[in-house]
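The primary structure of each chain is shown beneath.
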There are 2 protein chains.
Amino acid sequence: MDFKKHIRTVPHFPKKGIMFRDITTLLKDAEALQKVTDEMVDYYLKKPYKIDKVVSAESRGFIFGAILAKELNAGFVPLRKPGKLPAKTIREEFDTEYSRDAFEIHEDAIKKGDKCIICDDLLATGGTSKAAVKLVERLGGEVKGLFFLIELDFLKGKEKLKGHDIFSLINYEKE
Amino acid sequence: MDFKKHIRTVPHFPKKGIMFRDITTLLKDAEALQKVTDEMVDYYLKKPYKIDKVVSAESRGFIFGAILAKELNAGFVPLRKPGKLPAKTIREEFDTEYSRDAFEIHEDAIKKGDKCIICDDLLATGGTSKAAVKLVERLGGEVKGLFFLIELDFLKGKEKLKGHDIFSLINYEKE
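The rules behind the values
- Residues numbered from 1 in each chain as written.
- Chains lettered and ligands numbered in written order.
- Predicted model: local features only at pLDDT ≥ 70, side-chain atom pairs only at ≥ 80, totals over all residues.
- Heavy atoms only, no water.
- Helix = DSSP H or I, 4+ residues; strand = E, 2+ residues; numbered from the N terminus.
- Expected span 1.5 Å × (residues − 1).
- Buried < 20%, exposed > 50% of the residue type's maximum accessible area, 1.4 Å probe, protein only.
- Salt bridge = Lys/Arg side-chain N within 4 Å of Asp/Glu carboxyl O.
- Contact = heavy atoms within 4.5 Å.
- Buried area = accessible area lost by both parts, 1.4 Å probe.
- Polar contact = N/O pair within 3.5 Å; in protein donor to acceptor, adjacent residues only side chain to side chain.
- Nonpolar A, V, L, I, M, F, W, Y, C, P; charged D, E, K, R; others polar.
- Core = buried A, V, L, I, M, F, W, Y, C linked by side-chain atoms within 4.5 Å.
- Pairing = 2+ DSSP bridges.
- Axes fitted to C-alpha atoms, helices over the stretch in contact; angles between N-to-C directions.

(A) Representation of helix 2 (residues 30–45) of chain B in the model. A rise of 1.5 Å per residue sets the reference length of helix 2 of chain B, with its 16 residues, at 22 Å; its end C-alpha atoms lie 22 Å apart and thus fit the reference within 8%. Buried within helix 2 of chain B are the following residues: B:Ala32, B:Leu33, B:Gln34, B:Val36, B:Thr37, B:Met40, B:Val41 and B:Tyr44.

(B) Expanded view of the pattern of salt bridges. All names here are of chain A. Following the criterion strictly, the structure yields 32 salt bridges over all chains and no others. A salt bridge links Lys81 to Asp101; the shortest N-O distance between them is 3.5 Å. Note that Lys81 is positioned in the loop between strand 4 (75–79) and strand 5 (89–95) and Asp101 in strand 6 (residues 100–106), a separation of 20 residues in sequence. Glu104 is the partner of Arg91 in a salt bridge, and the nearest nitrogen-oxygen pair spans 2.7 Å. A residue pair is termed long-range when its members are at least 10 positions apart, and Arg91 in strand 5 and Glu104 in strand 6 qualify at 13 residues. On the basis of relative accessible area, Arg91 is assigned to the partly exposed category, the value being 43%.

(C) Main features of the interface of chain A and chain B. With 40 residues of chain A in contact, the opposing surface of chain B contributes 40 residues. Of the roughly 3,300 Å² buried at the junction of chain A and chain B (both faces included), carbon and sulfur atoms supply 57%. Of all residues in chain A, the largest losses of buried area upon contact with chain B belong to A:Lys28, A:Lys70 and A:Pro86, amounting jointly to 21% of the total for that side. Viewed at the interface, chain B and chain A are joined by six salt bridges. For B:Asp108, the salt bridge goes to A:Lys28, with nearest N and O atoms at 3.9 Å. Taken together, the connections running from chain A to chain B amount to 22 residue pairs in polar contact (both at pLDDT 80 or more). Elements with a minimum of two residues in the side of chain A that touches chain B: strand 1 (8–11), strand 2 (19–22), helix 1 (24–27), helix 2 (30–45), helix 3 (60–72) and strand 4 of chain A. Residue composition of the side of chain A that touches chain B, by class: 19 nonpolar, eight polar and 13 charged.

(D) Representation of helix 3 of chain A within the structure. All names here are of chain A. Relative to the 18 Å expected for 13 residues at 1.5 Å per residue, helix 3 spans 19 Å between its end C-alpha atoms, a close match to the ideal helical length. Most of helix 3 sits out of view: 11 of its 13 residues are buried. What helix 3 keeps buried is the set Gly61, Phe62, Ile63, Phe64, Gly65, Ala66, Ile67, Leu68, Ala69, Lys70 and Leu72. Looking one or two residues past helix 3, Asn73 carries a phi angle of roughly 55 degrees, positive in sign.

(E) Looking closely at the nonpolar core. Counting residues in hydrophobic clusters, the biggest one holds 69 residues, and the most contacted among them are A:Phe64 and B:Phe64. Once residues within four sequence positions are removed from consideration, A:Phe64 is found in contact with A:Ile23, A:Leu27, A:Val36, A:Thr37, A:Met40, A:Cys119, A:Asp121, A:Phe147 and A:Leu149.

(F) Representation of the sheet that holds strand 7 (residues 115–123) of chain B. Residue and element names in this part refer to chain B. The strand order 4-3-7-8-9 describes an open sheet built from five strands, whose pairing is parallel. The open sheet is flanked by strand 4 (75–79) and strand 9 (166–172), the only strands paired with a single partner. Direction aside, the axes of adjacent strands within the sheet are offset by 20 degrees on average. In terms of strand pairing, strand 3 (residues 53–57) meets strand 7 through three bridges, oriented parallel. Of the residues in strand 7, the one forming a bridge with Val54 is Ile117. Strands in contact with helix 4 (residues 127–138) are strand 3, strand 4, strand 7 and strand 8 (142–152); relative to strand 8, the strand with the most contacts, it is inclined by about 165 degrees.

As C-alpha cells, this is what we get:
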C-alpha cells in the first residue's frame with residue numbers, strides 16, 4: 001500500500017512556508033490504519049528482546065504509541081507539556097520546527113533497565129525526539145529504537161539521533 | 001482485576017479541591033493496560049453492528065481511541081483544540097470541570113451514516129462528550145456509544161448523555 005497517498009498536504013500550515021503533512025486522512029481510513037500499524041508492530045515483534053515501555057509525546061504521538069504498547073504487550077508512558085502530569089516529573093526543553101517547548105515525564109514512569117521504544121507521528125528536526133531520548137535515559141531506561149510514521153528527510157532529524165535504530169514508514173525527501 | 005488500584009489519586013490537582021485521578025500508573029503497567037483495553041474492545045466486538053469510526057478528543061482520549069480503532073478495524077478520528085487541525089473544520093464549545101473550551105473536527109472525517117464510538121479517558125460533567133456527540137451528529141454520523149475508562153458518578157455526566165449507550169470501567173461514586 002502506498003501510504004503517502006493517504007496523507008493530505010496542507011500548504012502554509014500552521015504558518016507560511018510550511019507544507020503540513022496531515023495524517024488524519026490516513027487515520028480515518030480503517031484499511032490504511034490497519035496496514036500502517038501492522039508494519040509498525042511487525043518491525044518490533046521481530047526484535048530479539050521484549051519491549052517494556054512505549055513512550056510517546058502528546059498528542060498525535062499517543063495514537064501510534066498506544067497501539068504499539070497494546071500490540072507488544074508493553075506499558076505506555078506519555079510525555080506531556082509542562083504542568084499536565086500530576087505527580088513528580090522531570091523536564092527537558094527542546095526546539096521544534098516552529099518554536100521552543102518542553103516535555104515532562106513522571107519520575108516513576110520508567111524503571112532502571114526498562115527497554116523502551118519512542119513512538120511519534122513525525123520526525124522533523126529531531127528536537128522533540130532528542131528530548132524524549134534524554135528523558136528516558138535520565139530515568140535509567142534503555143532506548144531500543146524510535147518509530148515515526150513520517151520522516152521529513154530534508155530536516156535531517158536523524159543526525160540528532162545518531163546511534164539509534166530509527167524506523168519510519170513515509171519519507172519526504174524534500175519539502 | 002481491580003483496575004481502581006492502578007489509578008493514582010492526586011489531591012488538589014490541577015487546582016485546590018479537585019481529586020485528580022491519574023491514569024498514568026495504569027497505562028505504564030503492561031498487564032493492567034492489556035486487561036482494561038481487552039474489556040473495552042470485547043464490549044464493542046459483541047455488538048451486532050460494525051463500527052466505522054472511533055472518535056476521541058485530545059490528548060488522553062487518543063490513547064484508548066486509537067487502541068479501540070485498531071482492534072475493531074475501524075478508522076480513527078481526532079477531535080482537537082481550535083487551530084490544530086489543518087483542513088476545513090466545524091467547532092463546538094463546551095464547559096469542563098475547570099473551564100470553557102472548544103473542540104474541532106475535520107468536516108471530511110465522518111461520512112453520513114458512519115457508525116461511531118466516542119472514546120475518552122474520563123466522564124466528568126459530560127460537557128466534552130456532549131460536544132463530541134454534537135460534532136459527530138452534525139456531520140451525519142451515528143453515535144452508537146461512548147466509552148470511558150473512568151466515570152465520576154457524582155458529577156452526573158450521564159444526564160447530559162441520555163439515550164446513549166455508555167460503558168465505563170472504573171467508577172467513583174463520590175469525590
